[in-house]
Amino acid sequence: MTKPVVLIAEELSPATLDALGPDFEIRSCDGADRSALLPALADVDAVLIRSATKMDAEAIAAGRQLKVIARAGVGLDNVDVPAATQAGVMVVNAPTSNITSAAELAVGLLLASARNIAPANQALKGGAWKRSTYGGVELLDKTVGIVGLGRIGALVAERLKGFGMEIIAYDPYTTPAKAAQLGARLVELDELLAQSDFISVHLPKTKETLGLLGADALTKVKPTVHIINAARGGIVDEAALADALREGRVAGAGLDVFAKEPCTDSPLFEFEQVVVTPHLGASTDEAQEKAGIAVAKSVRLALGGEIVPDAVNVSGGVIVEEVRPGIALVEKLGRVFTAVAGGVPLHLDLDVCGEITEHDVSIWKLSALKGLFTDVVEDQVSYVNAPVIAEARGVGVTLTTDATSGDFRNVTTLRGALKDGTEVSVAGTLTGPRMIEKLVGINGFDLEVPLSDHLAVFTYADRPGIIGQVGSIVGEAAINIGGMQVARSEKRDTALMLLSADSELPHEVAARIAEAIGAEHFAVVNL
């Protein structure tokens, strides 16, 4: 059988090849050399690139068998995503690979700007001891305005909070609740410009953000402000910034990115109070390795017919970062559903409630179907064949959304009726900055239990002594209980126990528990 061909168009870490494994034919070329790239793309299934390889419409058309473009990094400035989508080519990146490195560099630039580290270093190495010339300012009690409170902006906020700074932020796509979780206060851009002692930019480059901090914006800032850009070149207008520095309307700046790169000559280089680096945001060993491994795993999934959480274009649509964590959660809810139900429903209703409904969550229908059938059919279930399996069994799925939610910011519920008329439902959510997966409901019983690999569910007549009986049986089986929660019906006559274990709970042990406590129903779930 012919192996799929993967083209490595730029230098990637050895761990990338290890992550790809032996199932692919690996080829290499210099992606920056168009005369080498275009013919090399002719018969490959996937291409792995960084920032130097331009995958425009011409390159995509040259890849007649191309299925995946994998960018080992965050930005997609060098990939024509609409052209790829039109051609049916999946585009994946590594959205979390360099976020720590980029956030740390932004903080480093901010500190260097505040304390004049770069010019003081250069002067001392040149033989001049200038303590009085290069005095700086403290961060304590200063206000930092973060423009863009996404993944990297959030990490910067988290780190600068530790310096005792007041955090304000501008991000029209972030809610006040999310900002508050980070210790930040959302404001309009003009207010941020007027109040900030430091401004740090963390936005993608789009038509809307290009030149966002330009001549007009720079008339609204304090003359003591320091401006940091470790995001994308062009968001800060470099000519306008140079004018503001020259006229004393801005105190300093730290820049890692430029409108045109490589940049070796800029009016900003004339100013001692400007510290610059050559786009080093992702240039750490850790970030490069994470990026390579992440996209290698994505390529494996994509060429295996699976949905890829880091795909930016699926079925012509875009999976935004807020929706991606829910893909795995909903799949697990589907597996819990079939375990509790003992089979699949006649029809599955997927109800999504809360803030997440601002985004397109239709991809979760695929997740639900994949989870629903994973443990009940012999064939391997993928995101490609799950709809086919469902259609063959006459199982449809309906998605409904509601912006309002109850006790949680977002709740996703799977419900359906079995052939005997029994109604089954399971609900889950993601909580906290770490997006912890939790079960919050089973068949109308309210819970809040982290999803673990090994779960057991028991429904029984509520009475004293049950927990002790369960603990004894599980202990005799030498199985450690990771957690246990009991929920009761409104009449308090029926209870549901959800038990999580550190290792697989054998069916016979669960059956012993069910017999001992007189359980009306029990199920074992191994995710």
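Structure's up top.
Computed from a prediction, not measured in an experiment: that's the story for all the values here. (Residues numbered from 1 in each chain as written. Predicted model: local features only at pLDDT ≥ 70, side-chain atom pairs only at ≥ 80, totals over all residues. Heavy atoms only, no water.)

A. Representation of the nonpolar core within the structure. Grouped together as the largest cluster of nonpolar side chains are 44 residues, with contacts concentrated most on Phe337, Trp364, Phe373, Leu414, Leu439, Ile442 and Leu498. Looking at which element gives the most residues to this core, the answer is helix H12 (residues 324-341), with eight residues. Here phenylalanine 373 is in contact with Val344, Val381, Ile389, Ala390, Arg393 and Val395, once residues within four sequence places are set aside. (Core = buried A, V, L, I, M, F, W, Y, C linked by side-chain atoms within 4.5 Å. Buried < 20%, exposed > 50% of the residue type's maximum accessible area, 1.4 Å probe, protein only. Helix = DSSP H or I, 4+ residues; strand = E, 2+ residues; numbered from the N terminus. Contact = heavy atoms within 4.5 Å.)

B. Representation of unusual backbone geometry within the structure. Across the junction of glutamate 261 and proline 262, the peptide omega takes the value 0°, indicating a cis bond. At aspartate 141, a residue that is not glycine, the phi angle is positive and equals roughly 70°. Mapped onto the elements, aspartate 141 comes out in the loop between helix H6 (117-125) and strand E6 (143-147).

C. Main features of the side chain of aspartate 351. Secondary-structure assignment places aspartate 351 in strand E13 (residues 347-354). Assessed through its relative accessible area of 15%, aspartate 351 is described here as buried. Not counting residues up to four positions away in its chain, the partners in contact with aspartate 351 are Thr400, Val411, Thr412, Thr413 and Arg415.

D. Representation of the packing of helix H5 (residues 99-115) against helix H7 (residues 151-161). Contact pair H5 / H7: the axes reach a minimum separation of 9 Å and the direction vectors enclose 50°. The angle between H5 and H7 places the two elements in the oblique class. Seen along the crossing, H5 lies across H7 with a hand that is right-handed. Residues Ile99, Thr100, Ala102, Ala103, Glu104, Ala106, Val107 and Leu110 of H5 lie in contact with H7, whose contacting residues are Arg151, Ile152, Leu155, Val156, Arg159 and Leu160. Of the residues assigned to the contact of H5 with H7, the class counts are 10 nonpolar, one polar and three charged. (Axes fitted to C-alpha atoms, helices over the stretch in contact; angles between N-to-C directions. Parallel < 35°, antiparallel > 145°, perpendicular 65-115°, else oblique. Left-handed = near helix turned anticlockwise from the far one by under 90°. Nonpolar A, V, L, I, M, F, W, Y, C, P; charged D, E, K, R; others polar.)

E. Main features of a negative patch on the surface. A contiguous patch of negative charge on the surface is contributed by Asp18, Glu104, Asp285, Glu286 and Glu289. With three residues, helix H11 (residues 285-303) is the largest single contributor of residues to the negative patch. (Patch = residues over 30% accessible without salt bridge, like charges linked within 9 Å, V, L, I, M, F, W, Y side chains within 5 Å. Areas by Shrake-Rupley, 256 points an atom, 1.4 Å probe, with all protein chains shown as cover. Salt bridge = Lys/Arg side-chain N within 4 Å of Asp/Glu carboxyl O. Lys, Arg positive; Asp, Glu negative; His and termini not counted. Charge placed at Lys NZ, Arg CZ, Asp CG, Glu CD.)

F. Expanded view of the environment of arginine 324. Note that arginine 324 resides in helix H12. Under the relative-accessibility criterion, arginine 324 is labelled buried at 11%.

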